[in-house]
Amino acid sequence: MPKNKFQDVVFTIIMASVMVYGMVAYNIVLNTGSLENWVFGAVFHEWPIMVLIAIALELVFVGRLAMKVAFRLVNPREAGQTQIMLAISAASVWIMCPYMSFFAILLFKDSHNAQFLAIWIQTTVMNFPMALLLQFFFAGPITRRIFGALFREKNAAPAPQTERG
């Protein structure tokens, strides 16, 4: 997990990139009614702007709020690392999903529609279960694996070698 602001930014960039890719693909499938090969490339129409929005939201607002919410769900002094990670992940999705759904509708759907509020609520409700599953089972593990490879912790001094006589 990130240990300083630089690592937090790197972790956020990786997580946002993976989550946004998955959620944009999911929404294209919802809108078209089927998953076809072209969807994997079509994601990149919306992906750049949505990644920037997700990174900004996470770094400015959501990250701190998600930690506060998570630490109301679990006591960090008593909970294991997995419980803490799951609580933070769930809180992040809970907070981020309505915001990202709002921006997606505003930028890529008929946002001038009189039914905007209804469309936003429906989109958020449809996105939430997938975002939670994507976070727990795909984006979270992949992001932690990539992040761990980038920021391997150095072991303490190696054990001294003894001569055998």
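Everything quoted here is computed from the prediction, not taken from an experiment.

A. Structural detail: the pattern of salt bridges. One pass over the full model with this rule turns up one salt bridge. The partner of Lys5 in a salt bridge is Asp8, with the nearest N and O atoms 3.7 Å apart. Taken together, the residues span about one helical turn, with Lys5 and Asp8 both in helix α1 (residues 5-32) at a distance of three residues. The exposure class assigned to Lys5 is exposed, which follows from its relative accessible area of 52%.

B. Spatial organisation of the packing of aromatic side chains. Following the criterion strictly, the structure yields nine aromatic pairs and no others. For the ring pair Phe102 and Phe103, a centre distance of 5.5 Å and an interplane angle of 85 degrees mean the geometry is edge-to-face. The partly exposed category is assigned to Phe102, whose relative accessible area is 28%. Note on Phe103: relative accessible area 24%, which makes it partly exposed. One aromatic cluster in this structure is built from Phe6, Phe11, Phe147 and Phe151.

Analysis parameters
- Residues numbered from 1 in each chain as written.
- Predicted model: local features only at pLDDT ≥ 70, side-chain atom pairs only at ≥ 80, totals over all residues.
- Heavy atoms only, no water.
- Salt bridge = Lys/Arg side-chain N within 4 Å of Asp/Glu carboxyl O.
- Helix = DSSP H or I, 4+ residues; strand = E, 2+ residues; numbered from the N terminus.
- Buried < 20%, exposed > 50% of the residue type's maximum accessible area, 1.4 Å probe, protein only.
- Phe/Tyr/Trp six-rings, centres within 6.5 Å; stacked < 30°, edge-to-face > 60°.

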